[in-house]
Amino acid sequence: MIEVVVWNEYRHERLEEAVRNIYPDGIHGCIKSFLDVDEELNVTLASLDDECQGLPDELLNKTDVLLWWGHIAHHEVSDELVEKIRQRVYAGKMGLIVLHSGHHSKVFKSVVGTTGNLSWGRDQKEVVWNLYPTHPIAKGIPEHFIIDIEELYCEPFYIPQPDAVVFGSWYEDGFIFRSGVCFERGLGKVFYFQPGHEYCRSFYNEYVQKIITNAVHWAVPTEVGYSVPDGAPMVNFKVTDEFNS
């Protein structure tokens with residue numbers, strides 16, 4: 001079994017009825033519901049207000065793939081937890097999937113080495129294009145698919161050059177965005193995927209669900225011929241505030 005943890009700060013759903021009506025079990029609960037269909041996955045839910053911010057060592061240290069959704073409480077996530085996550089990814093012990101507004105999370109910025117900044121705008125129709133159809137994350141995804149309503153994220157997206165750009169999006173206002181990108185950091189794999197605004201139903205889209213499921217399988221740690229000891233020093237990527245808004 002692949003041990004998967006879906007982490008969600010879980011604030012919007014509890015504070016706003018409009019979001020709760022879309023995701024009555026939380027965004028993480030919705031994601032778990034479609035991942036549970038895959039019999040190879042054992043999915044656990046975690047949230048910011050749980051004990052140890054949802055990721056006590058016992059759980060984190062057995063996690064194969066961590067999915068991360070956050071928005072209004074990035075600053076509340078402890079630096080200690082972020083460093084533990086970064087160490088596990090770099091050591092090849094865990095894959096990381098960051099969703100939507102997680103681009104500004106401490107975790108994404110620390111692991112990838114970025115400010116996470118981008119441009120954004122009104123909710124609108126999004127066309128997601130499959131730019132790398134032979135990539136494992138794109139398996140079973142058509143040339144393109146439509147998300148009827150999603151929050152506009154658009155270039156410039158201040159990230160390092162991805163190791164792969166799997167999906168790119170076009171919006172009805174004419175903007176474009178690298179909406180599905182892969183990074184390798186140390187011995188670990190990272191996938192960022194843009195759809196998932198809290199006021200939209202993107203996580204119910206069959207292709208969004210398929211992409212996230214594929215990404216979980218892609219991000220599973222690959223066995224290597226040597227071991228990386230716990231606590232081994234990892235090289236830091238320098239993150240500057242040059243582009244911070």
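What this report covers is the structure whose coordinates are included nearby. Please read all numbers here as calculations on a predicted model, not as lab measurements.

What counts, and at which threshold
Residues numbered from 1 in each chain as written. Predicted model: local features only at pLDDT ≥ 70, side-chain atom pairs only at ≥ 80, totals over all residues. Heavy atoms only, no water. Helix = DSSP H or I, 4+ residues; strand = E, 2+ residues; numbered from the N terminus. Rg over C-alpha atoms; globule rule 2.2 N^0.38 Å. Buried < 20%, exposed > 50% of the residue type's maximum accessible area, 1.4 Å probe, protein only. Contact = heavy atoms within 4.5 Å. Phe/Tyr/Trp six-rings, centres within 6.5 Å; stacked < 30°, edge-to-face > 60°. Lys NZ or Arg CZ within 6 Å of the ring centre and 35° of its normal. Core = buried A, V, L, I, M, F, W, Y, C linked by side-chain atoms within 4.5 Å. Salt bridge = Lys/Arg side-chain N within 4 Å of Asp/Glu carboxyl O. Axes fitted to C-alpha atoms, helices over the stretch in contact; angles between N-to-C directions. Parallel < 35°, antiparallel > 145°, perpendicular 65-115°, else oblique. Left-handed = near helix turned anticlockwise from the far one by under 90°. Nonpolar A, V, L, I, M, F, W, Y, C, P; charged D, E, K, R; others polar. Pairing = 2+ DSSP bridges. Patch = residues over 30% accessible without salt bridge, like charges linked within 9 Å, V, L, I, M, F, W, Y side chains within 5 Å. Areas by Shrake-Rupley, 256 points an atom, 1.4 Å probe, with all protein chains shown as cover. Expected span 1.5 Å × (residues − 1).

1. Comments concerning the overall build of the protein
1) Next: When you go through the protein residue by residue, the secondary structure sums to seven helices and nine strands.
2) Next: Computed over C-alpha atoms, the radius of gyration of the protein comes to 17 Å, within 12% of the 18 Å expected from 2.2 N^0.38 for 245 residues, which places it in the range of a compact globule.
3) Next: Considering only C-alpha atoms, the protein reaches an extent of 50 × 40 × 35 Å along its principal axes.
4) Next: Expressed as a percentage of the 245 residues in the protein, the buried residues total 53%.
5) Next: In the protein, once contacts between residues fewer than 6 apart in sequence are set aside, the share between residues at least 24 apart is 73%.

2. Concerning the packing of aromatic side chains
1) Next: Enumeration according to the criterion identifies eleven aromatic pairs in this entry.
2) Next: Ring geometry for Tyr-23 versus Tyr-204: centroids 5.4 Å apart, planes at 5°, classification stacked. Of this pair, Tyr-23 sits in the loop between helix 2 (17–22) and helix 3 (26–35) while Tyr-204 sits in the loop between strand 9 (188–193) and helix 7 (206–219), placing them 181 residues apart in sequence.
3) Next: When its relative accessible area of 35% is taken as the criterion, Tyr-204 is described as partly exposed.
4) Next: An aromatic cluster is defined as three or more aromatic residues linked by ring pairs; in this entry it consists of Phe-108, Tyr-153, Phe-157, Phe-177, Phe-183 and Tyr-192.
5) Next: In this structure, Arg-86 packs its charged tip against the face of Tyr-90, placed 5.1 Å from the ring centre.

3. A word on unusual backbone geometry
1) Next: Going from Glu-155 to Pro-156, the amide bond is cis rather than trans, its omega being 5°.
2) Next: Among the structural elements, Pro-156 can be located in the loop between strand 6 (144–154) and strand 7 (164–171).

4. Some details on the nonpolar core
1) Next: In terms of nonpolar packing, the biggest core is built from 37 residues, with Leu-35, Leu-67, Phe-167, Phe-191 and Phe-203 touching the most fellow members.
2) Next: With seven residues, the top contributor of residues to this core is helix 7.
3) Next: Counting residues in each nonpolar core, the second largest holds 35 residues, with Trp-68, Leu-81, Leu-96 and Tyr-153 among its members.

5. Description of the pattern of salt bridges
1) Next: As enumerated under the stated definition, the model contains eleven salt bridges in all.
2) Next: Put simply, Lys-32 and Asp-36 hold a salt bridge, and the shortest N to O gap is 2.8 Å.
3) Next: Where Glu-172 meets Arg-122, a salt bridge forms, and the shortest distance between an N and an O atom there is 3.4 Å. Highlighted residues: Glu-172 in the loop between strand 7 and strand 8 (176–185) and Arg-122 in strand 5 (residues 119–130), separated in sequence by 50 residues.
4) Next: Accessibility expressed as a relative area gives 39% for Glu-172, which makes it partly exposed.

6. Brief notes about the packing of helix 5 (residues 79–90) against helix 6 (residues 106–113)
1) Next: Here helix 5 crosses helix 6 at 40°, and the two axes come no closer than 9 Å. Relative to helix 6, the element helix 5 lies oblique. Judged by the twist between their axes, the crossing of helix 5 over helix 6 is right-handed. In this structure, helix 5 contributes Asp-79, Val-82, Ile-85, Arg-86, Val-89 and Tyr-90 to the contact, and helix 6 contributes Lys-106, Val-107, Ser-110 and Val-111.
2) Next: Split by residue class, the contact of helix 5 with helix 6 holds six nonpolar, one polar and three charged.

7. A word on the environment of Arg-14
1) Next: Position of Arg-14 relative to the elements: it lies in helix 1 (residues 12–15).
2) Next: Owing to a relative accessible area of 42%, Arg-14 belongs among the partly exposed residues under this scheme.

8. Description of the sheet that holds strand 5
1) Next: One open sheet holds the nine strands; their spatial order is 2-1-3-4-9-8-7-5-6, and the pairing between them is mixed. Taken across any chain shown, the strands that pair with only one partner, and hence form the sheet edges, are strand 2 (41–47) and strand 6. If you compare each strand with its neighbour and ignore which way they point, the axes differ by 25° on average.
2) Next: Alignment of strand 5 against strand 6, held across nine bridges, turns out to be antiparallel. Each residue of the ladder has a partner; that of Val-128, found in strand 6, is Phe-145.

9. Description of a nonpolar patch on the surface
1) Next: A surface patch of nonpolar side chains, about 500 Å² in accessible area, is lined by Trp-129, Leu-131, Tyr-132, Trp-170 and Ile-176.
2) Next: Within the secondary structure, Leu-131 is located in the loop between strand 5 and strand 6.

10. Focus on helix 5
1) Next: With twelve residues, helix 5 ought to run about 16 Å at 1.5 Å a step, and its terminal C-alpha atoms sit 16 Å apart, in line with that.
2) Next: When helix 5 is considered as a whole, its buried residues turn out to be Leu-81, Val-82, Ile-85, Arg-86, Arg-88, Val-89 and Tyr-90.
3) Next: Buried residues along helix 5 sit against helix 4 (57–60), strand 3 (65–69), strand 4 (95–99), helix 6, strand 8 and strand 9.
4) Next: Where helix 5 terminates, the next one or two residues include Gly-92, which has phi positive at roughly 75°.

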